[in-house]
Structures are given as structure tokens and as C-alpha cells.
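Take a look at the letters that make up each chain.
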Amino acid sequence: MIVAIDGPAASGKGTLVKKLAEYYNLEALDTGSLYRAVALSMVISGDELQDHNKALQHSLNFDFRLTQSPDLRTAEIGVAASKIALFQDVRKALFSFQRKFATNPPAGKSGTILDGRDIATVVCPEADYKIFVTAQIEIRAKRRLKELIERNQPAIYASVLNELRDRDVRDSTRKSAPLQQSIDAFTLDTTHLTADQAFKTAQKYIASEPINRQRI
Ligand code: DC
């Protein structure tokens, strides 16, 4: 089975994916880490993020090992990833990797789960289950702040909130594959939910939906 999880930054997708992947024995891909890896590779090379051709080169020579880099999870790389994600051909270069991952679960796994911004709409429109995870922006900012502080990264609430606002606008208004809810996705608002409650709500949705929509 394929599970597609979309939603804005810091909405709770990551934690939910970990729990669902473990429970349903799925191989997980955080697709944001691919965009972050391309952005990190540009920053390491000293390239300008606005340089479209350079961004394309970095995405065509995409090195999966960079997705494991400890430098991937900084606020700076999150913003940079959102900027290079605007380029349609960068998205195209990362698309095939995501498709291959989604449709080829490793032996012993029951399927795949991918999270991002355009999984249900563009990458896996045939997914068996589609969940759109959202939460009030102030709550998302508090969660992101906590995460950054736990990683010893200096951060203040007001700038985290502003950065999330900017990122929401950039991610949802871009021309190519913007962040938007697929019409057939289940909405999971995590504003007032603990991670366990969010997981149980997603589990109930999966149990209530028949598997295998029309596969493309
Ligand atoms: O989920 P994240 O914060 O790690 O994602 C970083 C950026 O990558 C996000 O702001 C936009 C981009 N992204 C995207 O355009 N499409 C995806 N499927 C995943 C991430």
C-alpha cells in the first residue's frame, strides 16, 4: 500500500509518519529532506539559491547521503529548500526518485509512506490513503521552536512564526505543484492533539477506508 501525507511545515507530519510506518510496516520517505539536501549542496558549494541552472545541476547530481547530514535540519536550510523547490525542473529531477521509492517497497515491507507538500496531488495521486495534516500556525511555531532548542539551535518564537508564515505563502502559492489539499484527502488537524491522538485518528481513517483506489 502507498500512504501519502501532506501538510505545511511543523504540522506534525514527521512524527505521524514514524508511527504509521512502524505500525503498518511501511518504508518511509520524508521528501522535504530531498529538497533540503539539494539546498544544502548549493550552500556547501557557495552557489546562489536563485541560480536556476545551478539548482538544476545540484538536483540532477542529487546525493542521497546528504539527506542524512546533521546540517539538514536547520531553519536556514528549511528556508533555502523552500526557495529551490520553486523551480519546476528541480521538482522534476526529484520526482523520479520519489516515484521509484513509492512504487518499490523493499522486500519484507508492506508498502511505502511519503510525506511532503504534493504527494497526494502530484507524486502519488493513486495512493491508497491520503492524509492532509494541518495545525494552527502559532502551535506549529511553538513546536518548531521546541525542536530547534532541543537541537541546541538558537531560535526565538517571533522569527520562527514569521519564517513559517513566509514559507506557507511560498509553498502554497508557487506555480509548480503547490502545497494544497487533495480533494480526496482526509484532514487531520493536530492543533489540539497529542502525537498519540493524531496517530489514533489516522489509524481510524485508514481502517475505515477500503484499500486500493483506482491505481494509475
Ligand atoms: O518538510 P520540510 O520542511 O523539510 O520541507 C522543506 C521545503 O521543501 C518546503 O518548505 C518545501 C519543499 N518541499 C516541497 O516543495 N515538496 C515536497 N514534497 C517536500 C518539501
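Just so it is clear, the model here is predicted, and its values are computed rather than measured.

## A short note on the environment of arginine 167
- Checked against the element boundaries, arginine 167 lands in helix H8 (residues 157-173).
- A sequence separation of 134 residues divides arginine 167 from serine 33, and the C-alpha atoms of the two residues are 15 Å apart.
- When neighbours within four sequence positions are excluded, arginine 167 is seen to be in contact with Ala9, Arg36, Gly78, Val79, Ser82, Arg117 and Arg144.

## Things to note about the pattern of salt bridges
- Summed over all chains, the structure comprises 14 salt bridges.
- Here glutamate 27 and lysine 109 are joined by a salt bridge, their closest N and O atoms 3.9 Å apart. Of the two residues, glutamate 27 sits in strand S2 (residues 26-30) while lysine 109 sits in the loop between helix H5 (88-103) and strand S3 (111-116), which places them 82 residues apart along the sequence.
- Judged by relative accessible area, which is 27%, glutamate 27 ranks as partly exposed.

## Some thoughts on the site of the ligand
- Residues in close proximity to the ligand total 15 residues, the closest being Arg36, Arg91, Arg167, Asp171 and Arg174.
- A distance of 3.0 Å separates a nitrogen atom of the ligand from a polar side-chain atom of threonine 31.
- It is helix H2 (residues 32-45) that provides the largest number of residues to the shell around the ligand, a total of three residues.
- Here the residues of the shell around the ligand sort into three nonpolar, four polar and eight charged.

## Some points on the sheet that holds strand S5 (residues 186-189)
- Strands sit in the order S2-S3-S1-S4-S5 across an open sheet of five strands; the sheet is parallel. On the outer flanks of this sheet lie S2 and S5, each paired with one strand and no other. On average, each strand axis in the sheet is inclined to that of its neighbour by 20 degrees, with strand direction left out of account.
- Taken together, the five bridges between strand S1 (residues 2-6) and S3 define a ladder with parallel strand orientation. The partner of valine 3 across the bridge, within S3, is isoleucine 113.
- Packed on one face of the sheet, helix H1 (residues 13-24) meets S1, S2, S3, strand S4 (129-134) and S5 and runs near 175 degrees to S3.

## Describing the packing of helix H3 (residues 52-60) against H5
- At their nearest, the axes of H3 and H5 sit 9 Å apart, and the two run at 0 degrees to each other. For the element pair H3 / H5, the angle class is roughly parallel. Between H3 and H5, the contacting residues are His52, Ala55, Leu56, Ser59 and Leu60 on the first element and Asp89, Val90, Ala93 and Leu94 on the second.
- Grouping the constituent residues of the contact of H3 with H5 by class yields six nonpolar, two polar and one charged.

## Things to note about the nonpolar core
- Formed by 30 residues in total, the largest nonpolar core has its most connected members in Ile84, Leu94, Leu114 and Cys124.
- Of all the secondary structure elements, the ones that give two or more residues to this core are S1, H2, helix H4 (75-84), H5 and helix H6 (119-123).
- For this core, the element with the highest residue contribution is H2, accounting for seven residues.
- Setting aside anything within four residues of it in sequence, one finds leucine 114 in contact with Val3, Ala4, Ile5, Leu29, Thr31, Gln98, Phe101, Ala102, Ile119 and Val123.
- In terms of nonpolar packing, the next biggest core, distinct from the first, is built from 18 residues, Ile5, Tyr24, Tyr129 and Ile206 among them.

## Side note on the side chain of serine 176
- Note on placement: serine 176 falls in the loop between H8 and S5.
- For serine 176, a relative accessible area of 12% corresponds to the buried category.
- Dropping the residues within four chain positions of it, serine 176 is found in contact with Gln88 and Arg91.

What counts as what
Residues numbered from 1 in each chain as written. Predicted model: local features only at pLDDT ≥ 70, side-chain atom pairs only at ≥ 80, totals over all residues. Heavy atoms only, no water. Helix = DSSP H or I, 4+ residues; strand = E, 2+ residues; numbered from the N terminus. Contact = heavy atoms within 4.5 Å. Salt bridge = Lys/Arg side-chain N within 4 Å of Asp/Glu carboxyl O. Buried < 20%, exposed > 50% of the residue type's maximum accessible area, 1.4 Å probe, protein only. Near = heavy atom within 4 Å. Polar contact = N/O pair within 3.5 Å; in protein donor to acceptor, adjacent residues only side chain to side chain. Nonpolar A, V, L, I, M, F, W, Y, C, P; charged D, E, K, R; others polar. Pairing = 2+ DSSP bridges. Axes fitted to C-alpha atoms, helices over the stretch in contact; angles between N-to-C directions. Parallel < 35°, antiparallel > 145°, perpendicular 65-115°, else oblique. Core = buried A, V, L, I, M, F, W, Y, C linked by side-chain atoms within 4.5 Å.

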